[in-house]
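Inside the fold
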Amino acid sequence: MKHAAIFAAVAISAYATVAAAKDPIPASSDNFEIYSEVEGWTVYADNDSGTCLIEKVFESGNVMQMGLTKNQKHGYLGVFTQADIDIKNRQKIEIAIDDFVYEGRAKGIKSKKLADDYSGGYIVVKDANMATAVAEGQTLIAFPKKSANFVVDLTGTKKAMEEGRKCNLALAS
């Protein structure tokens, strides 16, 4: 649990140093606190941006994070690994969910500021179908065309996303 909380703040910190000032992802200086845990996911409330972040650290050490952008118009999905995947900022990437591939531009991170030399990136999710696929899918393959790709079991994701929505509603009230 402690690793996840530290990683969430550090990952966002590293991202904030790479991204522009208008970044939709929460900043490292934001006040995160654990809201709840569900199905192996930790839900973090960001009291500064008024949004929530859900995160899961898998047995493999890979990490997946999701949340709403600060303006709450879109979601974001982040995947991180200790493998050397060399994702660059604004690089076109693909994420496969079950049999469908989604494309986007990564907000890549490779920084010594990430705990345990993690690398990866975020994509802003503007496609409602992708959000549904993540919630209802079985398997996500991060970076399917890279040799260092990895598989994420999506079990429990739907409940975690629902809990994230509850967290967002609680912060909005």
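These notes cover the structure that comes with them. As the structure is a prediction and not an experimental result, all values here were calculated from the model. (Residues numbered from 1 in each chain as written. Predicted model: local features only at pLDDT ≥ 70, side-chain atom pairs only at ≥ 80, totals over all residues. Heavy atoms only, no water.)

1. Details of helix α3 (residues 157–172)
- When the terminal C-alpha atoms of α3 are compared, their 22 Å separation across 16 residues agrees well with the 22 Å that a helix rising 1.5 Å per residue should span.
- Within α3 the residues assigned to the buried category are Thr157, Ala160, Met161, Glu163, Gly164, Cys167 and Asn168. What you see down the axis of α3 is that its buried residues fit within an arc of 160°, all on one side.
- For α3, the elements touching its buried residues are β1 (32–38), β2 (41–46), β3 (51–57), β4 (63–68) and α2 (128–136). (Helix = DSSP H or I, 4+ residues; strand = E, 2+ residues; numbered from the N terminus. Expected span 1.5 Å × (residues − 1). Buried < 20%, exposed > 50% of the residue type's maximum accessible area, 1.4 Å probe, protein only. Arc of directions from axis to C-beta. Contact = heavy atoms within 4.5 Å.)

2. Remarks on the pairing of β2
- In terms of residue burial, β2 counts as a mostly covered element, since 6 of its 6 residues are buried.
- Burial of β2 is two-sided: the residues Trp41, Val43 and Ala45 facing one way and the residues Thr42, Tyr44 and Asp46 facing the other way are all buried.
- Summarising the sheet, β1 and β2 pair through 6 bridges and their orientation is antiparallel. Looking at the pairing, Glu33 lines up with Ala45 of β2.
- Between β1 and β2, which pair antiparallel and follow one another directly, the connecting turn spans 2 residues, one of which, Glu39, has a positive phi of 50°.
- By the bridge criterion, 5 bridges tie β2 to β3 in an arrangement that is antiparallel. Considered in β3, the bridge of Tyr44 is made with Leu53. (Pairing = 2+ DSSP bridges.)

3. Quick look at the pattern of salt bridges
- For the structure on display, the rule yields 3 salt bridges.
- The salt bridge partner of Lys158 is Glu136, with a shortest N-O separation of 4.0 Å. Here Lys158 is found in helix α3, whereas its partner Glu136 is found in helix α2, with 22 residues between them in sequence.
- Across the salt bridge formed by Glu163 and Lys166, the nearest N and O atoms sit 3.9 Å from each other. Taken together, the residues span about one helical turn, with Glu163 and Lys166 both in helix α3 at a distance of 3 residues.
- Under the relative-accessibility criterion, Glu163 is labelled buried at 17%. (Salt bridge = Lys/Arg side-chain N within 4 Å of Asp/Glu carboxyl O.)

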